[in-house]
Amino acid sequence: MKTSYACFCTDIIHEGHRNIIAHARKLGRVIIGAMTDEALIRYNKFPTIPLEERIELYQSQDGVDEVVIQDNIMYDKVIAALKPDYVVHGDNWKNGPELAIRQNVLFLLEGYGGKLVEVPYTYNEQVKKMDQQLRERLAMPEYRRKRLRQLIGMCPVVKTIEAHNGLTGLIAEKTVVEHDGRFDQFDAMWVSSLCDSTAKGKPDIELVDMSSRLRTIDDIMEVTTKPIILDGDTGGLTEHFVYNVRTLERLGVSAVIIEDKTGLKKNSLFGTEVLQLQDSVENFCAKISAGKKIQLTEDFMIIARIESLILEQGMEDALFRAAAYVNAGADGIMIHSRKKEAGEIFEFCDRFREFDKHTPLVVVPTSFNNVTEEELAAHGVNIVIYANQLTRSAFPAMKSTAEEILKNHRALEADSRLMPFGDIITLIDEL
Ligand code: SPV
Ligand code: MG
């Protein structure tokens, strides 16, 4: 008997999937591949049910004979193992990054005379509604909040990009690339104090107050599902910080990072060029502990950010503080540096890992931008934050366009650099 294979990356079964199963059934014995979480999250939405439940779900469908695990987006391993006579897939993978998967399948099938069968993609009101419901579920506070911890457990590094409004949130949410046969997307979003302030035309000195920051978070949450890490600046007064922890946790924010500075906070990238004061270890530990005591879920994370290297207080001070902050209850440590090379970050991480194997480490490679995620992961880093690159790329583009229009007294000359409006609105979901 012939065999047909289809890979599923879904948490729900709708008409489209049933249609694929029915087609596969006509061709032979039906084997369904269940994509592992680790493979799934590099190009699809985060799963809302565990792999075991997905396997059961697929297995329970009429017409399915067997379910196997597929642990890579590319089909090499699974096709080598099964040598199916047919691979069945929807016909909606002929454009964009997914085209590479189609080519991979065609190439592999050609090797032994297997065939690709493409089924017209089913998209109707009911399928649309089910897709939307799934997305809504991912956006719910109780699902979104815990996702950062889940990702830390699943990914070599949690790739995080800055977002400061709905549009940048959508870019963080939806950008998927295929490069050299590998898919990638961001895992989480960073609501930067620098970029949130800059977007409002304000300096990054804790001037933009929490109500305004919450407004930004809400705008992002409205249109995204990925977890959010808030740049909480110094956390403010401990008496205020505890209220903010409660609010953030309730909203479904996954983590707040607070930095050990006090007084008028300036952006770290100024380093010692401006007056900046580091908080005492005792005060900062008390703030962390107060925040941890007030939170209600196991999900929410308070991450302590150490400014010792920025303020040239030395490696020993940074490591001493790291141990103290973890002891005070910090769920993670962010170590910051404004050196061009990652040497001091590597040293900190290596030495930190000598006495703490598990507490997540966070870095922001803005100055030391030649370092790769793989190198950072090899030194024990868990979360990498690209903290300001979207803002810094958008600003010069907008400024040049404004100048071009002024110079020419019309918009034609600027046009070649503009994205057609039709492309922008494809980003935006309609209900
Ligand atoms: C931010 O993005 O606001 C940060 C990171 O705090 S940095 O600008 O590098 O200090
Ligand atoms: Mg900041």
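Presented here is an overview of the structure given in this document. (Residues numbered from 1 in each chain as written. Chains lettered and ligands numbered in written order. Predicted model: local features only at pLDDT ≥ 70, side-chain atom pairs only at ≥ 80, totals over all residues. Heavy atoms only, no water.)

1. Some points on the sheet that holds strand S14 (residues 301-306)
Here we have 8 strands rolled up into a closed barrel, ordered S6-S9-S10-S11-S14-S15-S16-S17, and parallel in their pairing. Shown here is a sheet whose adjacent strand axes are inclined to one another by a mean of 25 degrees, direction ignored. Most of the contacts of helix H11 (residues 238-251) go to strand S11 (residues 255-259), to which it runs at about 155 degrees, and overall it touches strand S10 (228-231), S11 and S14. (Pairing = 2+ DSSP bridges. Helix = DSSP H or I, 4+ residues; strand = E, 2+ residues; numbered from the N terminus. Axes fitted to C-alpha atoms, helices over the stretch in contact; angles between N-to-C directions. Contact = heavy atoms within 4.5 Å.)

2. Description of the coordination of the magnesium ion (ligand 2)
Those donors, Ser193 (OG) and Asp231 (OD), are the protein atoms that reach the magnesium ion (ligand 2), and they lie 2.0 to 2.2 Å from it. Taken as a pair, Ser193 in helix H9 (residues 193-199) and Asp231 in strand S10 lie far apart in primary sequence, 38 residues in all. We classify Ser193 as buried; its relative accessible area is 2%. The buried category is assigned to Asp231, whose relative accessible area is 4%. (Donors = N, O, S within 2.8 Å, 3.2 Å for Na, K, Ca; no water. Buried < 20%, exposed > 50% of the residue type's maximum accessible area, 1.4 Å probe, protein only.)

3. With respect to the nonpolar core
Soluble, globular proteins show a tendency: their nonpolar side chains are buried together. If you look at the biggest cluster of nonpolar residues, it comprises 52 residues, and the most contacted ones within it are Ile217, Tyr325, Ile333, Ile335 and Phe348. Among the elements that make up this core, the one with the highest residue count is helix H13 (residues 315-327) (6 residues). Filtering out sequence-adjacent residues up to four positions away, Ile333 remains in contact with Ile303, Ala304, Ile306, Ala322, Tyr325, Val326, Phe348, Phe352, Thr359, Pro360, Leu361 and Val362. Counting residues in each nonpolar core, the second largest holds 22 residues, with Phe46, Met154, Val158 and Met334 among its members. (Core = buried A, V, L, I, M, F, W, Y, C linked by side-chain atoms within 4.5 Å.)

4. Looking at the layout of surface pockets
Space inside the second largest pocket adds up to approximately 800 Å³. Around the second largest pocket sit 22 residues that line it, and Leu167, Ile171, Ala394, Ala397 and Met398 are the ones nearest its centre. When contributions to the lining of the second largest pocket are tallied by element, the ones reaching two or more residues are helix H8 (166-174), H9, helix H16 (389-408) and helix H17 (421-427). Here the lining of the second largest pocket takes 8 residues from H16, the largest share from any one element. (1 Å grid on protein atoms, 1.4 Å probe; cavity = no way out; pocket = protein on both sides within 12 Å on 5 of 7 lines; lining within 4 Å. Points joined across faces, edges and corners; volume = space filled by probe spheres on them.)

5. Observations regarding the side chain of Asp231
For the buried Asp231, no salt bridge is present, and the opposite-charge side chain at shortest range is Arg305, 4.2 Å distant. Beyond its immediate sequence surroundings of up to four residues, Asp231 is in contact with Trp190, Val191, Ser192, Ser193, Leu194, Arg213, Ile257, Glu259 and Arg305. (Lys, Arg positive; Asp, Glu negative; His and termini not counted. Salt bridge = Lys/Arg side-chain N within 4 Å of Asp/Glu carboxyl O.)

6. Thoughts on the pairing of strand S6 (residues 158-162)
Extensive coverage of S6 is indicated by the burial of 5 of its 5 residues. Side-chain alternation along S6 places Val158, Thr160 and Glu162 on one buried face and Lys159 and Ile161 on a second face that is also buried. Where S6 lies against strand S9 (residues 188-191), 3 bridges are found, and the strand directions are parallel. In the strand pairing of S9, Thr160 is matched with Ala188.

7. Digging into the pattern of salt bridges
Under the defined criterion, the tally for this structure stands at 35 salt bridges. For the salt bridge of Arg25 with Asp65, the shortest nitrogen-to-oxygen distance reads 2.7 Å. Placement of the pair is Arg25 in helix H1 (residues 15-27) and Asp65 in the loop between helix H3 (51-59) and strand S3 (66-70), with a sequence separation of 40 residues. Residue classification places Arg25 among the partly exposed residues on the basis of a relative accessible area of 39%. For Asp65, a relative accessible area of 32% translates into the label partly exposed. The closest approach of N and O atoms between Glu173 and Lys45, which form a salt bridge, is 3.3 Å.

8. Overview of H16
End to end, H16 covers 29 Å across 20 residues, agreeing with the expected 28 Å (1.5 Å per residue, within 8%). Among the residues making up H16, those that are buried are Leu390, Thr391 and Thr401. For H16, the buried positions fall inside an angular range of 100 degrees around the axis, keeping them on one side. Of the exposed residues in H16, the ones pointing more than 90 degrees away from its buried face are Arg392, Phe395, Leu406 and Lys407. Those residues of H16 that are buried are in contact with S6, H8 and H9. (Expected span 1.5 Å × (residues − 1). Arc of directions from axis to C-beta.)

9. What about the side chain of Glu162?
For Glu162, the location among the structural elements is in strand S6. For the buried residue Glu162, which engages in no salt bridge, the nearest side chain bearing the opposite charge is Arg213, 9.1 Å off. Here the side chain of Glu162 touches His164 through a polar contact of 2.4 Å, side chain to side chain. At 3.2 Å, the side chain of Glu162 and the side chain of Thr391 are in polar contact. Among all residues touching Glu162, those that are not within four sequence positions of it are Trp190, Ser192, Cys195, Tyr386, Ala387, Asn388, Leu390 and Thr391. (Polar contact = N/O pair within 3.5 Å; in protein donor to acceptor, adjacent residues only side chain to side chain.)

10. Looking at the packing of helix H10 (residues 210-223) against H11
Between H10 and H11, whose axes approach to 12 Å, the crossing angle comes to 10 degrees. If you check the angle between H10 and H11, you find them roughly parallel. Where H10 abuts H11, its residues Met210, Leu214, Ile217 and Met221 lie against Asn244, Thr247, Leu248 and Leu251. Grouping the constituent residues of the contact of H10 with H11 by class yields 6 nonpolar, 2 polar and no charged. (Parallel < 35°, antiparallel > 145°, perpendicular 65-115°, else oblique. Nonpolar A, V, L, I, M, F, W, Y, C, P; charged D, E, K, R; others polar.)

11. Here's the deal with empty space enclosed by the protein
With the rule as written, the count across this model stands at 2 cavities of 30 Å³ or more. Looking at the largest cavity, its volume works out to about 150 Å³. Together, 18 residues line the largest cavity, and Leu194, Asn267, Arg305, His336 and Ala387 are the ones closest to its centre. Reported here for the second largest cavity is a volume of approximately 30 Å³. Lining the second largest cavity are Ser193, Ser197, Asp204, Glu206, Leu207, Val208, Arg213 and Asp233. Of the residues that constitute the lining of the second largest cavity, the class distribution is 2 nonpolar, 2 polar and 4 charged.

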